[in-house]
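A look at the structure
One letter stands for each residue in the lines below.
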Amino acid sequence: MIVRARTVSAEPPRPCAAGYYCLAGVSSSEPYSASEIDALREEFGSDPARLKARLSAVPQLCTAGTYCYAATGSEGGVAKCHPGTYCPVGSVAPLPASPGHFTDVEGMSVQKRCPRQTFSEFSGASSCTECPLGYMCPETAMTEPMACDPGMYRAEGSVAIRCFACPKRSVDMRWTIP
């Protein structure tokens with residue numbers, strides 16, 4: 001595939017669509033397609049400077065971990081996504097981590113699943129909550145803990161992923177029956 005060069009001008013960049021950034025000299029508001037980019041990489045594979053010059057003549061997808069409003073003129077986007085949010089390539093705004101997931105550092109492009117023995121019931125979490133006393137969280141990405149059945153227990157901070165039967169004739173004085 002032969003990819004035509006797009007004209008580069010000395011004018012300030014035209015406004016880019018949201019999710020893209022445009023460097024100075026952009027003359028087209030249309031980005032290259034994925035197949036055009038692949039062809040350019042093949043053509044200029046041994047000359048990265050020429051490839052970058054060709055690609056910078058058109059809008060570029062916002063970098064993973066950042067977001068770009070319309071008319072963004074920086075490779076770094078508007079900003080990095082903050083903890084509790086993530087930004088895949090081409091993001092127009094940060095996306096909140098889904099319930100059962102979290103993002104704990106700035107600039108994440110994907111969300112992480114809450115590990116076993118933790119949960120996250122709300123969107124936008126930057127960490128997961130440890131499973132409390134009397135509950136279990138045996139799976140990853142849990143949105144709420146599961147209560148142990150009557151006659152079963154799981155100690156707070158336990159690494160066990162399931163509840164255990166209470167010893168015969170045991171009583172837990174922390175629980176009261178009305």
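All residue numbers refer to positions counted from 1 along the written sequence of the respective chain. This being a predicted model, a pLDDT of at least 70 is required before a residue's local features are given, and a value of 80 or more before pairs of side-chain atoms are given or counted; all residues contribute to the totals for chains, interfaces and linings. Calculated side-chain values reflect all of the structure's heavy atoms, with hydrogen atoms and water omitted.

With that settled, consider the side chain of His101. A run of H or I in DSSP counts as a helix once it spans at least four residues, and a run of E counts as a strand once it spans at least two, with each numbered from the N terminus. Along the chain, His101 turns up in strand S7 (residues 101–102). Burial classification: accessible surface area is computed with a 1.4 Å probe over protein chains only, and a residue below 20% of its type maximum counts as buried, one above 50% as exposed, and the rest as partly exposed. Note on His101: relative accessible area 16%, which makes it buried. A polar contact is formed between the side chain of His101 and the backbone oxygen of Pro99, at a distance of 3.2 Å. Apart from residues lying up to four places away in sequence, His101 is in contact with Gln111, Lys112, Arg113, Cys114, Ser120, Ala125 and Ala141. Any N or O atom pair separated by 3.5 Å or less is treated as a polar contact, with the protein-specific requirement of one donor-capable and one acceptor-capable atom, and with residues adjacent in sequence counted only for side-chain atom pairs. When checking whether two residues touch, look at their non-hydrogen atoms; a contact exists if any pair is within 4.5 Å.

Our focus in this paragraph is the state of the cysteines. Pairs of cysteine sulfur atoms within 2.5 Å are identified as disulfides in what follows. The full count for this structure, using the stated rule, is six disulfides. Two residues share a disulfide in this structure: Cys81 and Cys87, whose sulfurs sit 1.4 Å from each other. For the disulfide bridge between Cys81 and Cys87, the dihedral angle about the S-S bond is near -75 degrees, and by the sign convention the bridge is left-handed. Both residues of the pair, Cys81 and Cys87, belong to the buried class. Once the bonded cysteines of the protein chain are numbered in order along the sequence, the disulfide links fall as 1-2, 3-4, 5-6, 7-8, 9-10, 11-12. Just so you know, Cys166 is unpaired, no disulfide at all, and the nearest cysteine sulfur is the one on Cys148, 8.4 Å from it.

Core analysis: the largest hydrophobic core is formed by six residues, namely Tyr32, Leu40, Phe44, Leu51, Leu55 and Val58. Beyond its immediate stretch of four places on either side in the chain, Leu55 contacts Tyr32, Ile37, Leu40 and Gln60. Nonpolar core, defined: a set of buried Ala, Val, Leu, Ile, Met, Phe, Trp, Tyr and Cys residues in which side-chain atoms within 4.5 Å join the residues together.

It is worth spelling out helix H1 (residues 34–43) at this point. Listing the buried residues of H1 in full gives Glu36, Ala39 and Leu40. With its buried residues spanning 100 degrees around the axis, H1 presents them on a single face. For H1, the exposed residues set more than 90 degrees away from the buried face come down to Ala34 and Glu42. The inward-facing, buried residues of H1 contact helix H2 (48–55). The arc refers to the directions leading from the helix axis to the C-beta atoms.

For this analysis, a ring pair means two rings from Phe, Tyr or Trp (six-membered ring only for Trp) whose centres lie within 6.5 Å, classed as stacked if their planes differ by under 30 degrees, edge-to-face if by over 60, and tilted for the remaining angles. Per the counting criterion, the structure on display carries two aromatic pairs. Geometrically, the ring pair formed by Tyr153 and Phe164 is tilted, given 6.3 Å between the ring centres and 50 degrees between the ring planes. In this pair, Tyr153 sits in strand S13 (residues 152–153) while Phe164 sits in strand S14 (residues 164–165), placing the two residues eleven residues apart along the sequence. Since its relative accessible area comes to 30%, Phe164 is described here as partly exposed.

Keep in mind these values describe shape, not function.
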